[in-house]
Structures are given as structure tokens and as C-alpha cells.
Amino acid sequence: MAACVSRVELSVSCRNLLDRDLGSKSDPLCVLLQDSGGGRWAELDRTEKIRNCQDPEFCKKLVVDYYFEKVQKLKFSVYDIDNQSFDLNDDDCLGGVECTLGQVVSSSVFTRPLELKQGKPAGKGTITISAEEIKDTRVVYLEIEAQNLDKKDFLGKSDPFLEFYKQSDAGTWQLVYRSEVIKNNLNPCWRKFSVPLQTFCGGDFNKPIKVKCADYDDDGSHDLIGTLETTLAQMQTAGAGSLVEYECIHPEKKQKKKNYKNSGIIRIKSCKIETEYSFLDYVMGGCQINFTVGVDFTASNGDPKSPDSLHYISPDGINEYLIAIWSVGRVVQDYDTDKLFPAFGFGAQVPPSWQVSHEFALNFNPSNPYCQGIQGIVDAYRQILPQIRLYGPTNFSPIINHVARFAAHSQQQGTAAQYFILLIITDGEITDLDQTRQAIVNASKLPMSIIIVGVGEADFKAMEFLDGDNGVLKSVTGEPAARDIVQFVPFRQFKNAPQEALSQMVLAEVPKQLVSYYKWQGWPPLKLPAIKAM
């Protein structure tokens, strides 16, 4: 299963609803359904009913789990409720709309005409949906040290570590953070750490926080050095040279010893609250995701006329290249407003000169390589196949550098306005490995991600090397990638899986990569989200 990126809250309003009630207006309610396959729809949530209203603004928000790597088909249906039953089959439908969650989250406001059935408008009725992530995106950053802690070890000093607890509404203490252990040190300085504000104190700056300092023992029988209680509001006064100090108190020692002072001093060196933006913050804030496709037309794929070839289009009109384009493209297209996608081929001899090209436009128009929608890429691919000669070598670096030039231009604007995804589909034989390594290292400093889908049965060791999952990818000169931007997936693992399984696998890393880039640059979303607690 893909990891849920986040939960999204949808606000719904309608205008000019049909009037189904005699003598009064309709009593509308909106229900949210999700496509569960096979023509079936499962209800996720519903709003309250608003009496006698043709322009309702529903107060109850609709909540849905959001996954970037899935196409989540939704249906919003508005009903006129005339009874107390939960079942909607006996209520009049005032219209509905089908869309994807990606379309909704990438539009600041999503308005569509209501339809009674496909193509039949529900009068002048419209529905407006806006999305907001349910998340307090703030994070607490703390730097803490201690002085003169009690010595707990017979042969050495203490091995201190910290535990932070928040108090639940029921009064119990819940662990929220545990520090690293610092060996043999009575004046430790722990490394800076961060905890989501939601986790740390539920967003309540005055919620009691308990800090335990203990001496670590390998057998798990850690010895308590002492505790203290505070609040985030108190800790926040630390910083700019002023430390906040607490006495670390061991309750039993305090009871037993008359002249007991403390078991050491815990000092808050700095306590900062910072906002950490999410993938949705950037997308909803106006970040466009630009999708480019690169297709491997080298001779190792086999003659496209032969059924053995990876470029052979079967009688039902598909091959592995087309499935990869469709499954990844149909997710990404919802995040690109103009739906114009540049598509290139590499490794073929191209007319009229029959020179080998490593970045030729699939539509044969180098000044305007854009295809209209994913279908446009598919059509261009089908048309070009009989017109070129598969050749070689297999060079990835030209197309990576091509997209990197656009990403570099976007980077110069200094805003989170554009992010680039390059999908390379290949049979795995790579000739310019050293140049490709350098191109990826250069691209890792830019707003872009690279997805490589390997088709066929080749040995993909070079692709797995480029993925960098087993360590940081380095150029030939030893320069490390600034961040991991390559995701490689062999298509053969998904041959018998549902079509969406491939897109889920290859796109699962993209939200993390996008956020890591903008965080590294220190760029907030173009439009800042309102802070919203769960």
C-alpha cells in the first residue's frame, strides 16, 4: 500500500439547484463517493442537510485520504432530502459531478456544472469545491544541554538521554520524543531535534510537558536522574543568548535528603517554531508540475514490426512503453494546467538526414515538441514508430540535460512555481553512464525528479545504480548528489498487476522529493496556506 500523504478537507457549496419540492425549496445534502472499481462507488462522507435552500454552503466538511500516486476518482452527488432515512435511493437527485481528487487539490477553487446524468445538465446548477489539508504544519525545533548531572554508573559517569511526554486530555503522559544517548558525560549537549507541533503538544502551547532525564543501561533498567515539568510557552523564551534553566529533580531523593538541591540543571538553548510545508501546500499554493517523456528507440528494443520487439504494438493497441506513458501520465496530468507535455525520443536515426539523435521531438517539431495531453503523446509515439530507424547508442544525458535547462531557468525565479518530472522509458542498456551520473548530480540541485521505467527482461544493474537507494549517487569526479531524485522501477514486476500499481510505485517518491527541494532552498509555497490544526 502507498503511504497516505495526508488528509484533505473539502468545502462544498452549490448555486442554482433544481427545485424539487412543491410549495418550498429543496432541502439539499451533498454526498461524496469514491470509485471502488467495476462501476461501483463507495460513500466516503456526506454533508449536513440544509433546509429550503437553492444556494447552499455546507458547513460540514468532507474528509478524504489523499494519495499523490493514485488517480482518485470522486463523485459529488447532491440530493433533496425529504425524509429521515439514511438511504438516498428514495430521495431526488439534484445533480452530480465526477472528477479526480488531483483536479480538486490543484485548483484553488473547483467549480463545475451539475449533471443529472452524463451530458445532461441539472438546470443552471453548479457545484464549487475547495480543498484544505488537515494538518498543523508547524514543527518545534529544540536545542538542549545539561550541567552537573548526577553520577549513576559505578565505574564511569552517567550515559544520559532525555524523554519528552505530553499530557493527554485524560491526564496520562504520552511519550513524544526520545533523544540519543550521550556516553559517559555529566554535562551533555544533545543534538538539535524537531517534533511536529501536533505531536509535541497537540498545538496547545500551555499543555504540560514532562521531561525525564535518565542514565542509559544496556539491559533496559535505565536509572532516573531527574524530571521537570514545563510548557512550550515557557521553553519558547529561550534563544538569542538567554537560556531557560530548569532544576532536574529526583522525587525520591528530594523526599529522603534534607539538603537535596537537584540532580543537575537542564538548559533550553533554543526553542523555535517553524512551518514545514507539505506537498499539498505547494500544489495548492500554485506550483505547476511539468511532465516530460523520453522514449528509448535504440536497436536493442528489437524491430517494431516483430512481435518480439518491445516497441511492437499488439493487436489491442498497446505495448509496455504505452502502458508506462499512460499509467504515469494520467496521474501527473491533473497537476499541469495547460496539459501540454514535451515528448522526446533518443537513440534512433531520424529523417531526413538519418543522423542519430538523442533528443528528437516525437511530433517531429523541435521548436514546439509539446503534445496535447497524454493521448497526444500516445498518438505521436504511434505515428513516429514507422518513420524512424532504431539505432544507438543509448544516451540518457542529453534528455536529462534538456529538462534540466528548463528547471534551471525556473530555479532562477527563486519561487516554488514550477517542478519538473522526467519519465524515461528504456530497455536498460545505457552507454553514457558517466555523463548520465554527472547530469543527475547536476539535476539534483534543480527542481526536478527523474523516473526511469525499465521495460523488457534486461539486466537493470546500471538503472539500480542510478536510483541511489543503496547510497548517495556520485559523479565520476566524486561529487555527491544533493538529494535523491531518481526512482527506477522494472516494468516486469507489474506485468500482471493492475495498471495503477505501476504509477503508485514510480510516483510515491515525488511528493517527498519536491518538498525536500523547496525546503533545501528555503522557499515557501507561492500562496501561503492558512495554519489549520487537526
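For clarity, every value in this text was computed on a predicted model and none was experimentally measured.

**Overview of the overall build of the protein**
On a plain count of helices and strands, the protein comes out with 12 helices and 26 strands. Across its three principal directions, the C-alpha atoms of the protein cover 95 × 80 × 40 Å. Residue burial in the protein is summarised as follows: out of 534 residues, 50% are buried. Considering only contacts in the protein between residues 6 or more positions apart, those separated by 24 or more positions represent 71%. Surface exposure of the protein reaches about 24900 Å², of which carbon and sulfur atoms provide 49%. Positive and negative charge centroids in the protein, built from 56 and 67 side chains respectively, lie 5 Å apart.

**Re the pairing of strand S18 (residues 340–346)**
The element S18 is extensively covered by neighbouring structure, given that 6 of its 7 residues are classed as buried. Taken together, the 4 bridges between strand S17 (residues 288–296) and S18 define a ladder with parallel strand orientation. Looking at S18, one finds that Val295 is bridged to Gly345. Taking the sense of rotation as the criterion, the β-α-β connection linking S17, helix H6 (residues 320–332) and S18 turns out right-handed. Alignment of S18 against strand S22 (residues 370–372), held across 3 bridges, turns out to be antiparallel. When the sheet's bridge partners are listed, Leu340 is paired in S22 with Gln372.

**Re the domain arrangement of the protein**
Accessible area lost upon the coming together of the parts serves often as the stated size of an interface. Here the protein is partitioned into domain 1 (6–134), domain 2 (138–275) and domain 3 (280–521). Between the C-alpha centres of domain 1 and domain 2 there is a distance of 49 Å.

**Thoughts on helix H12 (residues 510–521)**
Over its 12 residues, H12 runs 17 Å from end to end, which matches the ideal 16 Å to within 8%, given 1.5 Å per residue. Along H12, the residues classified as buried are Val510, Pro511, Gln513, Leu514, Val515, Tyr517 and Tyr518. Following H12 by one or two positions, Gly522 has its phi on the positive side, about 75°.

**Some points on the nonpolar core**
Among the nonpolar cores identified, the biggest contains 85 residues, and Leu10, Phe76, Ile127, Phe297 and Leu362 are the most heavily contacted of them. A per-element tally of this core places H6 first, with 7 residues. Looking at which domains feed residues into this core, each of domain 1 (6–134) and domain 3 (280–521) gives three or more. Sequence-distant contacts of Leu10, that is, excluding residues within four places in its chain, are made with Leu32, Lys61, Leu62, Val64, Phe76, Leu101, Val104, Ile129, Ser130 and Ala131. Among the nonpolar cores identified, the runner-up in size contains 31 residues, and Val140, Ile182, Cys248 and Ile266 belong to it.

**A look at the environment of Ala458**
Tracing the backbone through its elements, the reader meets Ala458 in the loop between strand S25 (448–454) and helix H10 (461–467). Sequence-distant contacts of Ala458, defined by excluding residues within four places in its chain, comprise Asp427, Glu429 and Arg492.

**A look at the sheet that holds strand S15 (residues 244–247)**
Ordered by their spatial adjacency, 4 strands build an open sheet running S12-S9-S16-S15, and the pairing between neighbours is antiparallel. In this open sheet, the two edge strands, each paired with only one partner strand, are strand S12 (193–196) and S15. For this sheet, the mean inter-axis angle between neighbouring strands, taken without regard to orientation, is 35°. Where S15 and strand S16 (residues 265–275) come together, 4 bridges link them in antiparallel fashion. Bridge assignment links Glu247 to a residue of S16, and that residue is Ile265.

**Here we look at a nonpolar patch on the surface**
Together, Leu340, Tyr370 and Phe406 make up an exposed nonpolar region whose accessible area comes to about 250 Å². Along the chain, Leu340 falls in strand S18.

**Points about the environment of Leu94**
Relative to the helices and strands, Leu94 is located in strand S6 (residues 92–100). Judged by relative accessible area, Leu94 falls into the buried class, the value being 0%. Spatially, the C-alpha atom of Leu94 lies 9.5 Å from that of Leu29, the residues being 65 residues apart in sequence. Aside from chain neighbours lying at most four places away, what touches Leu94 is Leu17, Leu18, Arg20, Ser26, Pro28, Val78, Tyr79, Asp80, Leu114, Leu116 and Ala122.

**Thoughts on the pattern of salt bridges**
Across all of its chains, the model carries 13 salt bridges by this definition. Arg267 is paired through a salt bridge with Glu145; the nearest N and O atoms lie 3.2 Å apart. Taken together, the residues Arg267 in strand S16 and Glu145 in strand S9 (residues 138–147) connect sequence positions 122 residues apart. Since its relative accessible area comes to 17%, Arg267 is described here as buried. Assessed through its relative accessible area of 16%, Glu145 is described here as buried.

**Here we look at the packing of aromatic side chains**
Counted by the stated rule, this structure contains 21 aromatic pairs. Arranged with centres 6.3 Å apart and planes meeting at 55°, the rings of Phe279 and Tyr335 form a pair that is tilted. A residue pair is termed long-range when its members are at least 10 positions apart, and Phe279 in helix H5 (residues 279–284) and Tyr335 in the loop between H6 and S18 qualify at 56 residues. Both rings, one in Phe297 and one in Phe360, keep their centres 5.8 Å apart while their planes meet at 35°; by these two values the pair is tilted. Highlighted residues: Phe297 in the loop between S17 and H6 and Phe360 in strand S21 (residues 360–361), separated in sequence by 63 residues. Given the relative accessible area of 0%, Phe297 is considered buried. Among the residues examined, Phe360 registers a relative accessible area of 6% and is labelled buried. The residue whose ring lies beneath Lys70 is Tyr67, and the NZ or CZ to ring-centre distance is 4.5 Å. Lying over the aromatic face of Trp354, Arg389 brings its terminal NZ or CZ to 3.9 Å of the ring centre.

Parameters at a glance
- Residues numbered from 1 in each chain as written.
- Predicted model: local features only at pLDDT ≥ 70, side-chain atom pairs only at ≥ 80, totals over all residues.
- Heavy atoms only, no water.
- Helix = DSSP H or I, 4+ residues; strand = E, 2+ residues; numbered from the N terminus.
- Buried < 20%, exposed > 50% of the residue type's maximum accessible area, 1.4 Å probe, protein only.
- Contact = heavy atoms within 4.5 Å.
- Areas by Shrake-Rupley, 256 points an atom, 1.4 Å probe, with all protein chains shown as cover.
- Lys, Arg positive; Asp, Glu negative; His and termini not counted.
- Charge placed at Lys NZ, Arg CZ, Asp CG, Glu CD.
- Pairing = 2+ DSSP bridges.
- Right-handed = clockwise from strand over helix to strand, strands pointing away.
- Domains from an automatic or database assignment.
- Expected span 1.5 Å × (residues − 1).
- Core = buried A, V, L, I, M, F, W, Y, C linked by side-chain atoms within 4.5 Å.
- Axes fitted to C-alpha atoms, helices over the stretch in contact; angles between N-to-C directions.
- Patch = residues over 30% accessible without salt bridge, like charges linked within 9 Å, V, L, I, M, F, W, Y side chains within 5 Å.
- Salt bridge = Lys/Arg side-chain N within 4 Å of Asp/Glu carboxyl O.
- Phe/Tyr/Trp six-rings, centres within 6.5 Å; stacked < 30°, edge-to-face > 60°.
- Lys NZ or Arg CZ within 6 Å of the ring centre and 35° of its normal.

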